[in-house]
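# Inside the fold
Listed here are the chains, written in short residue letters.
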Protein chains: 2
Amino acid sequence: MKQLLSALDFSHELLSQVVSYGDTVVDCTVGNGHDTLFLANLVGTDGTVYGFDIQAQAIENTKALLRKTPPSAKNIFLYNISHSKVDEILPYQTMISAAIFNLGYLPGGDKTIVTYPETTIEAIKGCLNHLAHNGLVIVVAYYGHPGGEREKNTVLEFGSQLDQKRYSVLKYSFLNQTHWPPILMAIQRID
Amino acid sequence: MKQLLSALDFSHELLSQVVSYGDTVVDCTVGNGHDTLFLANLVGTDGTVYGFDIQAQAIENTKALLRKTPPSAKNIFLYNISHSKVDEILPYQTMISAAIFNLGYLPGGDKTIVTYPETTIEAIKGCLNHLAHNGLVIVVAYYGHPGGEREKNTVLEFGSQLDQKRYSVLKYSFLNQTHWPPILMAIQRID
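Residues numbered from 1 in each chain as written. Chains lettered and ligands numbered in written order. Predicted model: local features only at pLDDT ≥ 70, side-chain atom pairs only at ≥ 80, totals over all residues. Heavy atoms only, no water.

With that settled, consider the environment of Leu170(B). Residue placement: Leu170(B) occurs in strand 6 (residues 167-174). For the pair formed by Leu170(B) and Ile190(B), sequence separation is 20 residues and the distance between their alpha carbons is 13 Å. Look past the residues within four positions of Leu170(B) in its chain and what remains in contact with it is Leu4(A), Tyr172(A), Ser173(A), Phe174(A), Phe10(B), Leu184(B), Met185(B) and Ala186(B). (Helix = DSSP H or I, 4+ residues; strand = E, 2+ residues; numbered from the N terminus. Contact = heavy atoms within 4.5 Å.)

Moving on to helix 6 (residues 148-160) of chain A. Between its first and last C-alpha atoms helix 6 of chain A spans 18 Å; for 13 residues at 1.5 Å apiece the expected length is 18 Å, and the two agree. Summarising the contacts, the buried residues of helix 6 of chain A are in contact with strand 4 (96-103), helix 5 (117-128), strand 5 (131-141), strand 6 (167-174) and strand 7 (183-189) of chain A. (Expected span 1.5 Å × (residues − 1).)

The subject of this paragraph is the interface of chain A and chain B. Facing 36 residues of chain A, the contacting portion of chain B comprises 36 residues. Summing the contributions of chain A and of chain B, the shared interface buries around 3100 Å²; its carbon and sulfur component is 56%. Counting every contact that joins chain A to chain B gives zero salt bridges. Put simply, chain A and chain B have 16 residue pairs in polar contact (both at pLDDT 80 or more) between them. Where the side of chain A that touches chain B is concerned, the elements lending two or more residues are helix 1 (7-18), strand 5, helix 6, strand 6 and strand 7 of chain A. Top contributing element to the side of chain A that touches chain B by residue count: strand 6 of chain A, with eight residues. Counted by class, the side of chain A that touches chain B contains 18 nonpolar, 15 polar and three charged residues. Bridge analysis of strand 6 of chain A against strand 6 of chain B gives five bridges, and the strand direction is antiparallel. (Buried area = accessible area lost by both parts, 1.4 Å probe. Salt bridge = Lys/Arg side-chain N within 4 Å of Asp/Glu carboxyl O. Polar contact = N/O pair within 3.5 Å; in protein donor to acceptor, adjacent residues only side chain to side chain. Nonpolar A, V, L, I, M, F, W, Y, C, P; charged D, E, K, R; others polar. Pairing = 2+ DSSP bridges.)

Let us now look at the packing of helix 2 (residues 34-43) of chain A against helix 3 (residues 56-68) of chain A. Each pair of packed helices can be summarised by the angle the axes make with each other and by the distance between the axes. Residues and elements named next belong to chain A. Direction vectors running N to C along helix 2 and helix 3 enclose 45°, while the axes themselves pass 9 Å from each other. Classified by the angle their axes make, helix 2 and helix 3 are oblique. Considering how the two elements wind past one another, helix 2 and helix 3 form a crossing that is right-handed. Contacts between helix 2 and helix 3 involve His 34, Thr 36 and Leu 37 from the first element and Thr 62, Leu 65 and Leu 66 from the second. (Axes fitted to C-alpha atoms, helices over the stretch in contact; angles between N-to-C directions. Parallel < 35°, antiparallel > 145°, perpendicular 65-115°, else oblique. Left-handed = near helix turned anticlockwise from the far one by under 90°.)

In this structure the tally under the stated criterion is 14 aromatic pairs over all chains. Each ring, one from Tyr172(A) and one from Phe10(B), has its centre 6.5 Å from the other, and the planes form 75°; the classification is edge-to-face. With one member in each of two chains, Tyr172(A) in strand 6 and Phe10(B) in helix 1 (residues 7-18) form a pair that bridges those chains. For the pair Tyr172(A) and Phe10(B), one class covers both residues: buried. The interplanar angle of 20° and the centroid separation of 5.4 Å between the aromatic rings of Phe52(B) and Tyr79(B) together place this pair among those described as stacked. Taken together, the residues Phe52(B) in strand 2 (residues 48-52) and Tyr79(B) in strand 3 (residues 75-79) connect sequence positions 27 residues apart. Aromatic ring contacts, followed pair by pair, group Phe10(A), Tyr172(A), Phe174(A), Phe10(B), Tyr172(B) and Phe174(B) into a single cluster. (Phe/Tyr/Trp six-rings, centres within 6.5 Å; stacked < 30°, edge-to-face > 60°. Buried < 20%, exposed > 50% of the residue type's maximum accessible area, 1.4 Å probe, protein only.)

Residues and elements named next belong to chain B. Positionally, Glu 151 belongs in helix 6 (residues 148-160). Look at Glu 151: it is buried, it has no salt bridge, and the nearest opposite charge is Arg 150 at 8.3 Å. Separated by 3.0 Å, the side chains of Glu 151 and Thr 120 make a polar contact. Excluding anything up to four places from it in sequence, Glu 151 contacts Leu 103, Gly 104, Thr 115, Tyr 116, Pro 117 and Thr 120. (Lys, Arg positive; Asp, Glu negative; His and termini not counted.)

What follows is about the confidence of the model for chain A. Mean pLDDT over chain A works out to 93, with 99% of the residues at or above the 70 mark. Predicted as a complex, the structure gets a pTM of 0.94 and an ipTM equal to 0.93. (pLDDT = per-residue confidence, 0-100.)

For the pair chain A and chain B, the superposition axis carries a translation of 0.0 Å, the fit reaches an RMSD of 0.0 Å, and the rotation angle comes to 180°. Such values leave the two copies arranged in the relation of a two-fold axis. No C-alpha of chain A approaches the rotation axis more nearly than that of Tyr172(A), which lies at 2.4 Å. The fraction of interface residues of chain A whose copies in chain B are also interface residues reaches 100%, indicating that both copies meet through the same surface. (Least-squares fit on C-alpha atoms with pLDDT ≥ 70 in both.)

Take unusual backbone geometry next. All names here are of chain A. In the Ramachandran plot, Asn 134 falls in the positive-phi region, its phi being about 70° despite a non-glycine side chain. With respect to the helices and strands, the residue Asn 134 is situated in strand 5. A positive phi is found at Trp 180, a non-glycine position, where the angle reads about 45°. Following the sequence through the fold, Trp 180 ends up in the loop between strand 6 and strand 7.

Moving on: the packing of helix 5 (residues 117-128) of chain B against helix 6 of chain B. Residue and element names in this part refer to chain B. Where helix 5 meets helix 6, the closest approach of the two axes is 9 Å, and the angle between their N-to-C directions is 30°. Relative to helix 6, helix 5 is oriented so that their crossing is right-handed. Between helix 5, through Pro 117, Glu 118, Thr 120, Ile 121, Ile 124, Lys 125 and Leu 128, and helix 6, the contact on the second element is made entirely by Arg 150, Glu 151, Thr 154, Val 155 and Phe 158. Considered class by class, the residues forming the contact of helix 5 with helix 6 number six nonpolar, two polar and four charged.

Structural data, given as structure tokens:
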């Protein structure tokens, strides 16, 4: 019998379901590069991955990971700027099948440097502008740190208010855990 | 690209993941028999399905469905009594890999006859007493009808208070829908 997937594992399961060979996708919080690598293998040789992180260390860690275990995708663009710039960076006609966010601080990094609600919402909106039909914007929110609860609530509130004719918004969370396991929100474009 | 699964489809996905050939399982709200049939095919010839419904009409509809499309399982026991009796009906040493609840009224039936929070919680507890390691008790709650909101909240509150050392409790729900699409709660025994 199989165990229920954690929010993180479920995010990978969903990405696998919607991302196809040759797609363009976005990692809005590259962190240590694990999702960037995962996406780069999903899109394959002809695919494209855009990655963002406000921390130079995260970009360096990600480059190191990609050098160590080279993925099939060759077109990986990493930007050491806020993910709120995603809409400006992506070519205006580019459609994406998925974007992933891991909100919180850089694992193993400076815990005082975190993502913030305002720029996160800006980034989600930017991704929605490029989202293909049935594509997913997935947010995995860690919220045990100061400000994390507010950020999570802001993101959920944003998702709750999206037009149901245009988007389905799923929340996946564990109810009985005392130590703030991450929650997942997935926005699917349905129009 | 694949669409996000509805709560109902996700319940079937989870059941498929935890139920194996030869298992014993429970349908706590047989309704028109769709889940009973689904479970009866999952457990196969040597498996056993126990089904409960407070409405005689539901039991009749289920028998008719099973006659029309005979499943592989031969051991299907249907009871026209409250699911709160599940713990008394199941042999005390019997372990189950899954139990499913669809809370609300009988589709196509009398909308004034609904499940109630107190008996539902009693039934969930009864199933937990027989739940195998990694087994799942899954509740799909429709809550657009009078009393439905209270029942849903009672169930979620019960799940939230389960000991995290013994159970993982997942909630799967859509945030931006105006017409009360069902929510899913899945309790997995982890000890």
